[in-house]
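Next come the chains, spelled out residue by residue.
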Amino acid sequence: MGREEMSMHPNRRGFLGATTAVSYARILGANNRIRIAGLGTGGRCRYLMSLAGKQPEVELVAACDVYEPRRAETIAKAAPGARGYVDYRAVLDRQDVDAVIIGSPDHWHVPMTIDAVRAGKDVYVEKPLTKTSEEGPLCEMAVAESGRVVQVGYQQRSWEHFKAARELVAGGKLGQVTLVLSSWYQNYARFDPAKAEVDASKLDWKRWLGNAPAQPVNAVRYFRWRWFWDFGGGHLTDLHSHYGDVIHWFLNAYEPKDALAAGGNHVLGYLECPDTINCVWSYPGFTLVYNGTLVCTLEGGNIVFRGTRAMMKINRDGFAVYPEGVVPPERTHYPEPETAMKSAQDGTIDHVANWLECI
C-alpha cells in the first residue's frame, strides 16, 4: 500500500498478495546507515540494489545467489565491496545486515521473506509476494509479529501519474466504471531454448529448487522460470499481477465473484504456462478482462477504464482521459483528452525510496 493507505487487506490473500511499506520507529546501524543484502541477484535484483545504493544512507554489503556468475556480476556492477553468499540464511545470520532485497524466483519469495523478518531484517520483495494462496496468511502473520517493514514490488503504487490517475477515478471523473480492459504483450519468440546454457558446476541446483519437486538441471527452466508451474504462474502472476493490483487499488475492489480463463501454447511449446491467454473476472459493479501474448510486443502493457462519463487509458508512459459524447457514436478515433499526464521516471525509483524512508 502507498503512503496514503496503510491498513492491511486480508481479503487480498491468494490473488495478488500485495503489502507495502509502513513506517515505524527503529534504531539504524552505525552512522545511521542502512546495510542491505541482495537475495537472488538476477537482473531485477541488481537494478533494485543499484537504486538503493545511490542513496547516501545505504551500504550494499552482501550478494547472495546460487549461481556463481550472477554473484560475481552483482558484486562487480552493483555492489563493489559486498561479500558473496550461496546460502541466504548465512546472510540473515549477519547482525550487521539491516535489510534485504529479494529478487528470487516466485517460489522462494515467502520462505525468504518470513525468514528475513524473523531474523529482524526489513524486506523489499519482488512481486508477487506469494506463489500460492496458502502462503498469504503465513506471510502476513510473520510480518505482523515481527514489526518489520515489508515492501512488495508493485511500483505503480509509488508512480506519480498512477497516483494522480487514481485520484481522478476516485473523484468520479470517469463516472461509473463498468468495464476494465487490461493487456500485456511481450515477445519470447526471440529466445531460442536450444541455445540456453547454464554452467551446472557453478550452480547449486538443489538449493535453487528449494521446495519445488526434484528434477534435472534445466537451463530453460532456470532462465525462464516464470513460465513453469513449479516456480511461477505465467501471465497472471507476472505481467497481469502489476495491473491487477492497480485495478484493485483504483476501484477499491479486491475480491472477484468468479473468473474464467482460456489459453494455450500456440508458439512456445517448450513452456508449461500458456504463451497466449484471455481471462475475465466478475467483480461487484464491473467486469475485468486481461489479454496477453508472448509472441508480439506491440502496445506493451495497458489498462483501459471505461466509465459512463469518460474513458481512461493508462500505462507506464502516462495516462489520458477521453470524454464520452464528444465524437459521434462508434467512431474509431478518440477525442482530444480532457486530462493527461506523462511519466517523469520509473516508479521503481520512488518505490525503493519509499521503502528506505519507512526504514
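If you're wondering where the values come from, they're calculated on a predicted model, not measured in any experiment. Each chain has its residues counted from 1, following the order in which its sequence is written. In keeping with the model being predicted, local features are shown solely for residues with a pLDDT of at least 70 and side-chain atom pairs are shown and tallied solely at 80 or more, while totals for entire chains, interfaces and linings include all residues. Each side-chain value is derived from all of the structure's non-hydrogen atoms; neither hydrogens nor water enter the calculation.

(A) View of the confidence of the model for the protein. Confidence per residue, as judged by the predictor, is encoded in pLDDT with a range of 0 to 100. In the predicted model, the protein carries a mean pLDDT of 92, and 91% of its residues have values of at least 70. A low-confidence stretch, residues 1-20 stays under pLDDT 50, and its non-local contacts, those more than four residues away or across chains, total 64 contacts. Counting contacts from residues 22-26, a segment whose pLDDT is below 50, to residues more than four positions away or on other chains yields 13 contacts. When checking whether two residues touch, look at their non-hydrogen atoms; a contact exists if any pair is within 4.5 Å.

(B) Looking closely at the packing of aromatic side chains. For this analysis, a ring pair means two rings from Phe, Tyr or Trp (six-membered ring only for Trp) whose centres lie within 6.5 Å, classed as stacked if their planes differ by under 30 degrees, edge-to-face if by over 60, and tilted for the remaining angles. Under the definition given, this model contains 16 aromatic pairs. Each ring, one from Phe 162 and one from Tyr 243, has its centre 6.5 Å from the other, and the planes form 40 degrees; the classification is tilted. Taken together, the positions of Phe 162 in helix H6 (residues 160-170) and Tyr 243 in helix H9 (residues 239-251) put the pair 81 residues apart, joining distant regions of the chain. The same class applies to Phe 162 and to Tyr 243, which are both buried. Taken together, Tyr 67, Trp 205, Trp 208, Tyr 222, Phe 223 and Phe 231 form an aromatic cluster joined through their ring pairs. Comment: elements are numbered from the N terminus, with helices defined as DSSP H or I runs of at least four residues and strands as E runs of at least two. Relative accessibility thresholds used throughout: buried, under 20% of the residue-type maximum; exposed, over 50%; partly exposed, between the two (1.4 Å probe, protein chains only).

(C) Just the pattern of salt bridges, in detail. Salt bridge, as applied in this entry: a Lys or Arg side-chain nitrogen positioned within 4 Å of an Asp or Glu carboxyl oxygen. Tallying each qualifying case throughout the model produces 18 salt bridges. Put simply, Glu 338 and Lys 173 hold a salt bridge, and the shortest N to O gap is 3.3 Å. With a gap of 165 residues between them, Glu 338 in the loop between strand E13 (318-323) and strand E14 (339-342) and Lys 173 in the loop between H6 and strand E7 (177-185) connect regions that are remote in the sequence. Take Glu 338: its relative accessible area is 47%, and that puts it in the partly exposed class. Among the charged side chains, a salt-bridge network with shared partners connects Asp 87, Arg 89, Asp 204 and Arg 207.

(D) Focus on the environment of Pro 216. Within the fold, Pro 216 resides in the loop between helix H7 (205-209) and helix H8 (219-223). Pro 216 gets classed as exposed once you look at its relative accessible area, which sits at 66%. With ten residues separating them in the primary sequence, Pro 216 and Lys 206 have C-alpha atoms 9.3 Å apart.

(E) How the structure looks around the packing of helix H4 (residues 109-118) against helix H5 (residues 135-146). Here an axis means a line fitted to C-alpha atoms, over the contact stretch when the element is a helix, while the angle between two N-to-C directions is reported on a 0 to 180 degree scale. Direction vectors running N to C along H4 and H5 enclose 15 degrees, while the axes themselves pass 9 Å from each other. Comparing their axes, H5 and H4 come out roughly parallel. In the packing of H4 onto H5, the handedness of the crossing is left-handed. Touching Val 110, Pro 111, Thr 113, Ile 114, Val 117 and Arg 118 of H4 are Glu 135, Leu 138, Cys 139, Ala 142, Val 143 and Ser 146, all from H5. Residue composition of the contact of H4 with H5, grouped by class: eight nonpolar, two polar and two charged. Oblique is the label for every angle not falling under 35 degrees (roughly parallel), over 145 degrees (roughly antiparallel), or within 65 to 115 degrees (roughly perpendicular). Working rule for handedness: look at the near helix, and if it is turned counterclockwise from the far one by less than a right angle, call the crossing left-handed; if clockwise, right-handed. Gly is put with the polar residues, along with every residue not named as nonpolar or charged; the nonpolar set is Ala, Val, Leu, Ile, Met, Phe, Trp, Tyr, Cys and Pro, and the charged set is Asp, Glu, Lys and Arg.

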